[in-house]
Amino acid sequence: AANTTARRLDVVIVGAGFGGLCAVHKFREMGLDIQAFEAGGDVGGVWYWNRYPGARVDLPSIDYCFSFSPEIEQEWTWSEEFAAQPELLAYMNFVADRLDLRKHYKFNTRVSRAIWDEQRRLWQVFTENGEVYEATYCIMATGPLSVPRDPDIPGLSHFKGTLLRAARWPHEPVDFTGKRVGVIGTGSTGIQIVQEVGPEAGELFVFQRTPSFSMPMRNQKLEPDYVAEVKRHYPGLRAAALNSAVGGLRPQSTRAFFSVTPAQRRALLEDAWKQGGLTILGTFSDLLTNPEANEHVAEFLREKIGEIVEDKATAEKLKPRGYPVFARRPCLDSSYYETYNLPHVHLLDCVEDPIEEITEKGVRLRSGEVELDMLILATGYDGLTGALTAFDVVGRNGLSVRDKWRDGAHSYLGLLIAGFPNLFMTTGPNGPAALANIVRISENDVNWIASAMNFMEKHGLATIEVTQEAEGRWMDIVYDLAQRSLLTKAKTWYVGANVAGKAQGLSLFTGGFPKYAEYCAAAARANYQDCTFEPLEKQAVA
Ligand code: NA7
């Protein structure tokens, strides 16, 4: 029976990060009746939650922003090559204000269930606040990194000091002066925290399980002349980004590592190190596919760690071994390794000396207890699939996304899921999320969804659903590419290795952004023949 209290809409959108904001703007422009939800108190997604000291984007700011509005491109001015969280959040707020997007959102509103009503052919969306909405389409702009996870260490709730989670950071500043601070986790997040908190804290203890490779960010203030030039050339810069494997303005090379002499390789690596950012990855073409080439670069980076870190034992512990460089997300830092030269900063190797439990007073290692005033968790996310398996998203025949993805995240282009009519994802699993600029992917995905909706409107169609076969074909493409990639050779959130009991496998399209975008465009050009549609006239009366 129809729920008479439910508000009837064209589109429900979940999330106020890049994907959600882009979707709200686009679907409103199409004249659709929309309602958007966001669990956080305001817009920003990742940049709303991650207020930890030192939080910063690792792509150039001028690239990490929307391209759909030439006005906004001109009006917004980035101050740094790699913007920090406050500026990124200010940007997202600026966009929301400028386009008046906020009024379409209910903030502090977590969606608890989304259920496909097979008879009435609509999505019923329930919020934790007890409201019900009904919409023809449901857009999950829930992000690849939105479900932070606590470490599987017993006793976390026993800790009597201040427990801080990177991805749920308080809005008030935290004072570390004179405090004994612990950090668990040395991925991108932990590294940013360590270099920022280390100099400030009374004493800092870094609990490291797997060391990451980090390269110098060499961040800089952007000169007004340069910003003006960028603004003059935005269309060309966007076009270049769309043609690059990472969907961004990063150097790319067709030069294979062993195609140049050892001396030239060395010179190129030294030069890339000096330039900073991810220049090294773009200096050679085969670092993600040729293990020997990769190992040469890994060794170069280990040498650099040895040159920076004064204490030899600490340097050795910081040198990553046993997995290819770039197989985990490479980190960019400004003083991470240097921080270990401060006498009050200590690296604790949790492989050699495992964490046994969290106690009232701190962290108990096998060798003894480390007393702490504050403990910071930078222990990562249930990546790619976490958001859509954290609540009930139920499609045809009562099948939930959680059940469907138990053995792996099956989807089509990271956009559609077989068995889930009229449900779209932005930056979903099996797309290039994490490997390419998330803003470019979000825009690509929202445009694709909009085209599909227009197609349906034009042809009087009520539902769209990808076929099992087409989804299977896409997964074959994703698997085949993954097998050739070194990305499967490290235990990371890319492959689900960081979450106990999670299906293992690389749920990412590794063919590069342009190929991904081309697959999406081809699917649209072929009139979505990978999908089945139901006509409007069959629509049951509510
Ligand atoms: P990551 O990259 O998943 O890093 C999480 C870190 O936390 C990693 O070093 C983990 O070590 C560590 N961890 C997790 N659980 C434990 C336990 N129980 N004990 C010790 N150490 C633990 O997350 P980030 O937030 O840093 O970065 C996520 C993405 O954000 C990044 O890829 C960029 O795209 C931006 P492990 O590797 O499991 O040994």
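This structure is a prediction, so every number in the text was calculated from the model and none was measured.

Structural notes on the site of the ligand
- Looking at the ligand, there are 19 residues lining it, with T189, R209, T210, R328 and W493 nearest.
- T189 is positioned with one of its side-chain polar atoms (N or O) 2.6 Å from an oxygen atom of the ligand.
- The backbone of A378 places a nitrogen or oxygen atom 3.4 Å from an oxygen atom of the ligand.
- Protein coverage of the free-state accessible area of the ligand, which is 780 Å², stands at 86%.

Some points on the sheet that holds strand β14 (residues 362–365)
- Taken in spatial order, the 3 strands of this open sheet run β13-β14-β15, and their pairing is antiparallel. One side of each edge strand has no neighbouring strand; the edge strands of this open sheet are β13 (355–358) and β15 (368–371). Strand-to-strand twist in this sheet, taken as the mean axis angle between neighbours without regard to direction, amounts to 25°.
- As defined by bridge partners, β14 adjoins β15 across 4 bridges and the pair is classed as antiparallel.

Some words on the nonpolar core
- Formed by 80 residues in total, the largest nonpolar core has its most connected members in F27, W78, Y91, F424 and W448.
- Not counting residues up to four positions away in its chain, the partners in contact with F424 are Y137, C138, I139, M140, L415, L416, W448, I449, A452, M453 and I464.
- Listed in part, the 28 residues of the second largest apolar core include W169, I191, V206 and C331.

Here's the deal with the environment of V325
- Here V325 is to be found in the loop between α11 (312–318) and β11 (331–333).
- Overall, the relative accessible area of 0% leaves V325 in the buried class.
- Taking C-alpha positions, V325 is 27 Å from L413, a pair spaced 88 residues apart along the chain.
- Among residues more than four places away in sequence, those in contact with V325 are F213, N294, V297, A298 and L301.

Criteria and cut-off values
Residues numbered from 1 in each chain as written. Predicted model: local features only at pLDDT ≥ 70, side-chain atom pairs only at ≥ 80, totals over all residues. Heavy atoms only, no water. Near = heavy atom within 4 Å. Polar contact = N/O pair within 3.5 Å; in protein donor to acceptor, adjacent residues only side chain to side chain. Areas by Shrake-Rupley, 256 points an atom, 1.4 Å probe, with all protein chains shown as cover. Pairing = 2+ DSSP bridges. Helix = DSSP H or I, 4+ residues; strand = E, 2+ residues; numbered from the N terminus. Axes fitted to C-alpha atoms, helices over the stretch in contact; angles between N-to-C directions. Core = buried A, V, L, I, M, F, W, Y, C linked by side-chain atoms within 4.5 Å. Buried < 20%, exposed > 50% of the residue type's maximum accessible area, 1.4 Å probe, protein only. Contact = heavy atoms within 4.5 Å.

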